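Next come the chains, spelled out residue by residue.
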Amino acid sequence: MRTLPPTYLGKDQHNSSNSHPKHILAFPPHLLLSLALLRLFYSQTLLFPLVSCDYFHLLPRNLIQMSSDSYDVVIVGGGTAGLVLANRLSEDPNLKIMVLESGEDRSGDPNTLTPGAWPLLPNSPADWTFRTVPQTNLQRQITVPQGKALGGSSAINSFLFTPTSKATVEGWRNLGNEGWEYAAYEKALKKSFTIHKPLGAVEGTGPLQLTLAAPESLWEKAWIDGLESVGFSRTDPFSGHPGGPIIAPETIDPKTKQRSYAVNAYLDPVRSRPNLEIRTETTVTRVLLERPSPAGDAVAKGVQFVSKGGVSQTIEVRKEVIISAGTINSPRLLELSGIGGADLLQRLGINVVVDNPHVGENLQNHVYTGLVFEARDDVETTDAFFRQEPGAVAAAMQDYSTKGTGPLSTSNMITMAQLPLPEFHSEDGRLELDQLLGALTGASRSPPTTPAFAAAHESFIRSILTDPSEAVTNYVFGSAFAPFDSPSPTYRAPGKHVSVAIELSHPLSRGSVHVTSAAPENTRTNEGLTIDPRYLSHPLDLEVLARQVRFTEDVISRAEPLTRYLKPYTKRFTDLEVTKDYVRRTADGAHHYTGTCSMMPRDMGGVVDSRLRVYGCPNLRVCDASIVPLEPTANPQAVIYGVAELAASLIKEDIL
C-alpha cells in the first residue's frame, strides 16, 4: 500500500530536469497521518433589473487607474479551468486573452511539485483557507481548502483523477442542459490527458500526464482481492460505470516524478504566445456591467482589479468575461458585481444589476467518516512511517532520493473503490427508501431551492441508490491508523492498523456561499463571506451514510483475502441508531465543493445556461466546479478538466 507522506520538503535544492529529484527533508513531530487522511478527499426566478446602472459611472475615478489595454476575453482565475480555457482559446491568434490570478506562480516550488508534499499545501500561502460557519449536525467549523496559486486547486490537491459516472453526467443533461450528454463530456475529458499504464503502455495525447500503477503491495492486492471475493469486480475508472475496487490514476508525470497540473500541462507550453497574457497576484474585485436599456440584458464591459501593490485598475473587454474563480469565489464575484439575490445585495449597498437569488446556492460537497481495523503483528503497515520512527523515515527518504519511489513519490491514496449499497436493491429496500424520502420531503429544503430542482435531485439520488450497477459510496483504503474516532486528531495509536474512509458520493444536503460585505478589499482574503454547506441537513444523508458504515464493516468481515491479515474483532455497528450516532460524531467534509453557479434552466434555479452564459448577461460566463449542478461521484479534479475542455469548444463556437 502506498502511504500518506508525513514530510516537509526543503526549498533550497530542486532540479526539475532530473528524473528522480532530490530534496532536503525535515520531519517535524506534529505532522501526522491525521493531517493526510483527514484531507484525503482532496476534492429561477425571472431576471429583471431593479436598478439600471452603468458601473463605469459608479467607480471612484481618483482611486482607479483606467487601462488603455483591451482584450477580447478576460479570464478571472488562473486555476484548473481557467488555464484550460486560456490554452484552448489562445489557439486562435486573432483572440487576445488575459488571465488574472489572485495567487502566486508557484510552479518552481518543490512542495507544489513533489507528490508526497501535498498535505503541506492546505493552510499554506497557496490556499485561501476558507472556513465554514459552525455546522449544526457536526458541531464544529470545517476548513475549506481552495487553491490560491496559478493552477488553482490543481496546484494543491491530492492528485487523484477519478472521472465521474455516466449516470451523473446524464443527470446534468436531464436537468435541461443541452449538449452535456455523456458522449460529449467523455470526448472532452479524453482530450485533457495522456495516461501512462503499467508495462509502459501509453494512451491519449492530452497535456495532462497521468500515472496508473499496478497493485503492488500486500495491502493493495488484499483490498482488491477481498472486494472481488464478495462480488465486487475490479473496474476501469474511465469506463463511466464505477462499481468496484480500483487503483486510481494520479496526476503525476512518470518521467519527472512530479505533479502534472494546469500550469505545467496547459500553460507552460503556450506561455510565449503573443496573444496570451498572465498576471498573478492580481485580484478582480468586480465585473464592470452596463445595461444599455432598462428592459435589456446587462453587458460585461471589463473588470476592476487590484494588483499586488494595492492599486485598483480596470481592463476593458471586447467580447467576453469568463469567471473561473472556483466554487467559493465565483459566486462571491457575481454578487459583488451586482448579480445575485436583490434582498442581499441591497442590504449590503450593492447595486442590483441582475436579480437571481440562486447565485451562491446549491453548494454541494461529499461528507465522509471511516473505520479502523487492527492488523496482525507479522504483516507490514505504514504506521511506523506515520509515527516518524527513524528507521521508517530513513527508508522512505532513501527510496525517493535514489529511485523516485516510495511514499514521497505518490499521493498515497490510490487504493480505492466505488461501490453500490445493496440494501436498497431489493423490493423491500426500495420500499424503505421510498418511505424515507416520503417522510423527509421538504424537511431540509434550503429556502431558495425550487420545488422543481428539489424533486429532480431526489429523483436522481433515488435512481442511483436503487441501481445495482451504480456506485453510491467512495472508499479510500490505507495501511495505517487514521483518527476518525480518536480523543484528538493528533492521536497516533500504537501497533499496526488499516483504515477505510467512507464517503457519501451523492449527498442531498445543499448549502450556500454568500457575501457579507461589499468591501472590495475582502476579495483578496478569506473574509467578507459566509460558507454554509449544511452537512447532513437532509436526513437521508445520515440514513445512507450510516448504512454505508454498517455495510463496510460487514464487507470487511467477509472479505477473506483481506481479513486474513487482520486481528479478530467484534462488529460495532449492527444497530443502525448506534451507527448514526457514530456518523454524527465522526463525520467531516471532503474538499469537493460544487454547485454555487449551477448550470440548469433559470426557472429551476440556474445561474448559467448550458453554454455557461450567466442569465441576464450573455457575454459573461462561469466555467469551473461551481457550474456542476449534481455532485460527481468522487474527487472532482477529472470532472473539472472535462468541463473546461467542453466549455472551450462551446465558447469557440460562439465567439469565433
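Reading guide: rules and limits
- Residues numbered from 1 in each chain as written.
- Predicted model: local features only at pLDDT ≥ 70, side-chain atom pairs only at ≥ 80, totals over all residues.
- Heavy atoms only, no water.
- Helix = DSSP H or I, 4+ residues; strand = E, 2+ residues; numbered from the N terminus.
- Buried < 20%, exposed > 50% of the residue type's maximum accessible area, 1.4 Å probe, protein only.
- Areas by Shrake-Rupley, 256 points an atom, 1.4 Å probe, with all protein chains shown as cover.
- Core = buried A, V, L, I, M, F, W, Y, C linked by side-chain atoms within 4.5 Å.
- Contact = heavy atoms within 4.5 Å.
- Pairing = 2+ DSSP bridges.
- Axes fitted to C-alpha atoms, helices over the stretch in contact; angles between N-to-C directions.
- Salt bridge = Lys/Arg side-chain N within 4 Å of Asp/Glu carboxyl O.
- pLDDT = per-residue confidence, 0-100.
- Phe/Tyr/Trp six-rings, centres within 6.5 Å; stacked < 30°, edge-to-face > 60°.
- Lys NZ or Arg CZ within 6 Å of the ring centre and 35° of its normal.

## Thoughts on the overall build of the protein
Scanning the protein from terminus to terminus reveals 17 helices and 28 strands. Sorting the 656 residues of the protein into buried and exposed places 63% on the buried side. Of the roughly 22,600 Å² that the protein leaves accessible, carbon and sulfur atoms contribute 50%.

## Points about the nonpolar core
One recurring pattern in soluble globular proteins is that nonpolar side chains are buried together. Membership of the largest hydrophobic core comes to 173 residues, with the highest contact counts inside it found for W223, V303, L334 and L620. Take this core: its biggest share by element is twelve residues, from helix α17 (residues 637-655). Ignoring anything within four residues of it in the chain, the contact list for W223 reads P245, T415, M416, A417, Y475, F477, V500, I556 and L562. Core analysis: the second largest hydrophobic core is formed by seven residues, L336, L345, V352 and V515 among them.

## Re the sheet that holds strand β10 (residues 245-247)
One open sheet accounts for six strands, arranged β10-β21-β22-β23-β20-β26; its pairing is antiparallel. The outermost strands of the open sheet, each flanked by one partner alone, are β10 and β26 (588-589). Across four bridges, the pairing between strand β21 (residues 415-419) and strand β22 (residues 473-478) is antiparallel. Counterpart to M416 in the pairing with β22 is V476. Of the strands in this sheet, β20 (367-374) and β26 touch helix α16 (residues 576-586), which is tilted by about 110° from β20.

## Focus on the pattern of salt bridges
Two side chains that carry opposite charge are able to pair once their charged atoms sit near each other. Evaluated as defined, the whole model comprises 35 salt bridges. Of the charged contacts, one joins R547 and E543 as a salt bridge, the two residues approaching to 2.6 Å between their closest N and O atoms. Of this pair, R547 and E543 are both found in helix α14 (residues 539-558), four residues apart, which corresponds to roughly one turn of the helix. Here E543 falls in the buried class, since its relative accessible area comes to 13%. Via salt bridges that share partners, E423, E432, E543, R547, R550, E577 and K580 belong to a single interconnected network.

## Let's talk about the confidence of the model for the protein
On average, residues of the protein score 88 in pLDDT, and 88% of them reach the 70 mark or higher. Contacts from residues 1-63, a stretch scored under 50 in pLDDT, to residues over four places away or in other chains number 234 contacts.

## Quick look at the sheet that holds strand β7 (residues 193-196)
Strand order in this open sheet of three strands is β8-β7-β9, and the pairing throughout is mixed. Each edge of the sheet is formed by a strand with only one pairing partner; in this case those strands are β8 (202-203) and β9 (208-211). Across two bridges, β7 lies against β8 in antiparallel orientation. By the bridge assignment for β8, H196 is matched with V202.

## Thoughts on the pairing of strand β25 (residues 529-532)
Taking every second residue as pointing to the same face, the buried face of β25 carries L529 and I531, while none of T530 and D532 on the other face is buried. Looking at chain direction, strand β24 (residues 511-515) and β25 are connected through four bridges and run antiparallel. Within the sheet, the bridge partner assigned to H514 lies in β25 and is T530.

## Concerning the packing of aromatic side chains
The full count for this structure, using the stated rule, is 16 aromatic pairs. When the ring of Y182 is compared with that of Y185, the centres are 5.9 Å apart and the planes differ by 45°; the resulting orientation is tilted. Taken together, the residues Y182 and Y185, both in helix α5 (residues 182-190) and three residues apart, mark about one turn of the helix. Looking at Y182, the relative accessible area reads 8%, which means it is buried. A relative accessible area of 0% means that Y185 is categorised as buried. With a centroid separation of 4.8 Å and 55° between ring planes, the pair formed by F573 and Y582 is classed as tilted. Across the pair, Y582 and F573 agree in class, each one buried. Here a set of aromatic residues connected by ring pairs shows up, and it is made of F161, F193, F238, Y266 and Y641. When the ring centre of W128 is taken as reference, the NZ or CZ atom of K148 above it lies at 4.3 Å.

## Structural notes on helix α4 (residues 166-174)
Buried within α4 are the following residues: T168, V169, E170, G171 and W172. The inward-facing, buried residues of α4 abut α5, α13 (451-465) and α17. At the exit of α4 stands G176, carrying a positive phi of roughly 115°.

## Quick word on unusual backbone geometry
With a phi angle near 65°, N123 is a residue other than glycine that sits in the positive phi range. With respect to the element layout, N123 can be found in the loop between α3 (110-113) and β5 (130-131). Positive phi, normally seen in glycine, also occurs at N362, with a value near 60°. Position of N362 among the secondary structure elements: in strand β19 (residues 361-363). We classify N362 as buried; its relative accessible area is 9%.

## Topic: the environment of L288
Counting through the fold element by element, L288 comes out in strand β14 (residues 283-290). A relative accessible area of 0% places L288 in the buried class. For L288 and S337, which are 49 residues apart along the polypeptide, the C-alpha to C-alpha distance reads 7.0 Å.

## Notes on the environment of E316
One can find E316 in strand β16 (residues 312-323). Each C-alpha atom, one on E316 and one on V74, is 8.6 Å from the other, the two residues being 242 residues apart in sequence. Leave out the neighbours within four places in its chain, and E316 touches D69, S70, Y71, K301 and G302.

## Focus on the pairing of strand β28 (residues 617-622)
Burial within β28 is extensive, with five of its six residues counted as buried. Taken together, the three bridges between β16 and β28 define a ladder with parallel strand orientation. In the strand pairing of β28, I322 is matched with R621. As paired elements, strand β27 (residues 613-614) and β28 share two bridges and run antiparallel to each other. Across the sheet, residue V614 finds its bridge partner in β28, namely C617. The hairpin turn running from β27 into β28, its antiparallel successor, is two residues long, and G616 in that turn takes a positive phi close to 95°.

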